[in-house]
Amino acid sequence: MNLVLLGPPGGGKGTQAKRLMDTFGLVQLSTGDMLRAAVSSGSEIGKKAKAVMDAGQLVSDDIVIAIIDERLDQADTQNGVIFDGFPRTVAQAEALDAMLVRKGRGLNAAIEVRVPDALLIERITGRYTCAKCGAGYHDKFQKPAKDGVCDKCGSTEFIRRADDNAETVTKRLDAYHAQTAPLLPYYEKKGILSVVDGTQDIAKVTTDLETILKSTKK
Ligand code: AMP
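Not measured: the values here are computed from a predicted model. (Residues numbered from 1 in each chain as written. Predicted model: local features only at pLDDT ≥ 70, side-chain atom pairs only at ≥ 80, totals over all residues. Heavy atoms only, no water.)

A. Structural view of the site of the ligand. In the vicinity of the ligand, 16 residues are found, and the nearest of them are Thr31, Arg36, Gln57, Gly85 and Gln92. Here an oxygen atom of the ligand and a side-chain polar atom of Arg36 are 2.9 Å apart. Against a free-state accessible area of 480 Å², the protein chains account for coverage of 96% of the ligand. At 4 residues, the largest contribution of residues to the shell around the ligand is made by helix 2 (residues 31-41). Within the shell around the ligand, the residues separate by chemical class into 6 nonpolar, 5 polar and 5 charged. (Near = heavy atom within 4 Å. Polar contact = N/O pair within 3.5 Å; in protein donor to acceptor, adjacent residues only side chain to side chain. Areas by Shrake-Rupley, 256 points an atom, 1.4 Å probe, with all protein chains shown as cover. Helix = DSSP H or I, 4+ residues; strand = E, 2+ residues; numbered from the N terminus. Nonpolar A, V, L, I, M, F, W, Y, C, P; charged D, E, K, R; others polar.)

What follows is the structure in structure tokens.
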């Protein structure tokens, strides 16, 4: 089963993708994570992407399409993937459709995790992750039980994304509405779009997603 998670930055796509992976035996493919890894490694792609990401704009379609195309040729994706943060433009969605056909696969579902803009800025600017195990936290909504210590692995080091600041977030939201929101009617026309209420607590959003996936045709 292959699934696209749609929704604005900070809407919880990454959090939910991680929670769904084990239940459904799927692999999370986050182009944001892949691009951040490219930036950290100092690769050519990373160098090109860094300034664009810091400005809250979208990296060019060619780059992300090539990254996904290559990643889908790795064996661990055969059982199915959750696309998280990809596609982000109609051109990317069309390229994904063509790529999946070429590889003898298809898309089973696209689910929008819907959250109004007003909630997103506070969600994004307060979030951070454990530098060691990647567990996600929030200054206000999800603090570790012991201040400054990761609940999951005990590490005391945490990281914040360079683009999770108030100024860049507004630009990322603009990019979402202008370039990514047109994917909602794109997938609706294909008859594979569902919506979940992303303002609910994390576990309830997961339950709603699981209900949709259980009734999705494989
Ligand atoms: P994310 O982690 O999904 O919020 O992505 C962080 C940043 O990476 C975005 O603001 C974009 O600059 C870039 N990015 C991630 N995925 C894509 C994509 N599919 N197309 C274009 N740019 C992307």
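The rest of the description comes next.
B. Up close: the packing of helix 2 against helix 3 (residues 44-54). Contact pair helix 2 / helix 3: the axes reach a minimum separation of 8 Å and the direction vectors enclose 115 degrees. As judged from the angle between their axes, helix 2 and helix 3 are roughly perpendicular. Our pair here, helix 2 against helix 3, has a crossing hand that is left-handed. Every residue of helix 3 that contacts helix 2 at Gly32, Leu35, Arg36, Ala38 and Val39 is listed here: Ile45, Gly46, Ala49, Lys50 and Met53. Residues belonging to the contact of helix 2 with helix 3 are distributed by class as follows: 6 nonpolar, 2 polar and 2 charged. (Axes fitted to C-alpha atoms, helices over the stretch in contact; angles between N-to-C directions. Parallel < 35°, antiparallel > 145°, perpendicular 65-115°, else oblique. Left-handed = near helix turned anticlockwise from the far one by under 90°. Contact = heavy atoms within 4.5 Å.)

C. The arrangement of the sheet that holds strand 6 (residues 136-138) in detail. Taken together, 3 strands build an open sheet; the order of strands is 6-5-7 and the sheet is antiparallel. Here the strands that pair on one side only, and so sit at the sheet edges, are strand 6 and strand 7 (158-159). Where strand 5 (residues 127-130) lies against strand 7, 2 bridges are found, and the strand directions are antiparallel. When the sheet's bridge partners are listed, Cys130 is paired in strand 7 with Phe158. (Pairing = 2+ DSSP bridges.)

D. Quick look at the pairing of strand 3 (residues 81-84). Residues of strand 3 alternate between two faces, with Val81 and Phe83 on one and Ile82 and Asp84 on the opposite face, all of them buried. Here strand 2 (residues 27-30) runs beside strand 3; their pairing, made up of 4 bridges, is parallel. Among the inter-strand pairings, Leu29 is bridged to a residue of strand 3, identified as Phe83. (Buried < 20%, exposed > 50% of the residue type's maximum accessible area, 1.4 Å probe, protein only.)

Structural measurements only, silent on function.
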